[in-house]
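A closer look at the structure
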Amino acid sequence: MKPKSIFKPIILVGGSGERFWPLSTPENPKQFLSIFGDFSWDDVGGYLALEKHFPLDASGNVLLGSACQLHSRNVSIVSRGLPITVLGATNLVVVSTPTQLFVVDKSSLGQMKELMDNQ
């Protein structure tokens, strides 16, 4: 019987290569070390990852926080501020924070850096 895999989160940030020495050095920092394991990689930092890691409703929507939708498809809603209500939308990401509301078509997510640079 194969032992159960154990999930171990690893956060590799900053530093000068001292704690992971001798594997990590200033010339070969820990961010470039090979990590071996029986797992696949996923960029959980992107909004498209929401639909991979959170439950979808029957129309392919992800609703997190104070959020509701009606007659919408493939919409990801994240409320960390004001409640969000979406009606009849398709392929959107809608995020609220205490200070901002962000609405974007999923096909335009690649242009977020341009948007942030122009604010």
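Residues numbered from 1 in each chain as written. Predicted model: local features only at pLDDT ≥ 70, side-chain atom pairs only at ≥ 80, totals over all residues. Heavy atoms only, no water.

1. A word on the overall build of the chain
Our working rule: A helix here means a DSSP run of H or I that spans at least four residues, while a strand means a run of E at least two residues long, and both kinds are numbered starting from the N terminus. Contacts are assigned to residue pairs with any non-hydrogen atoms lying within 4.5 Å of each other. Computed by Shrake-Rupley with a 1.4 Å probe, the accessible areas treat only the displayed protein chains as cover when residues are assessed.
Helix and strand counts for the chain come out as 2 helices and 6 strands. Tracing the chain from N to C terminus, the helices and strands come up as α-β-β-β-β-β-β-α. Long-range pairs, those at least 24 residues apart, make up 12% of the contacts in the chain with a sequence separation of at least 6. With the model as given, the accessible surface of the chain reaches about 9400 Å², and the carbon-plus-sulfur share is 60%.

2. Some details on the nonpolar core
Heads up, the condition is: The criterion is simple. A nonpolar core is a set of buried Ala, Val, Leu, Ile, Met, Phe, Trp, Tyr and Cys residues joined through side-chain atoms within 4.5 Å. We call a residue buried when its accessible area falls under 20% of the maximum for its residue type, exposed when it is over 50%, and partly exposed in between, using a 1.4 Å probe and counting protein chains only.
Ranked by size, the top nonpolar core spans 9 residues in total: Leu50, Val62, Leu64, Val78, Val93, Val95, Phe102, Val104 and Leu109. Not counting the four nearest positions on each side in its chain, Val95 is found in contact with Tyr47, Val78, Ile84, Gln100, Leu101 and Phe102. Formed by 8 residues, the second largest nonpolar core is a distinct cluster that contains Ala67, Ile77, Val86 and Leu92.

3. Structural notes on the pairing of strand 3 (residues 76–79)
The condition is simple: A pair of strands is considered paired only if DSSP assigns at least 2 bridges between the two.
Side chains Ser76 and Val78 project from strand 3 onto one buried face, and the interleaved Ile77 and Ser79 project onto a second face that is buried too. One ladder, built from 3 bridges, connects strand 1 (residues 62–64) with strand 3; its direction is parallel. Across the sheet, Leu63 pairs through a bridge with Ile77, a residue of strand 3. Both strand 3 and strand 5 (residues 92–96) contribute to a ladder of 4 bridges, which runs parallel. Its bridge partner lying in strand 5, Val78 is registered against Val95.

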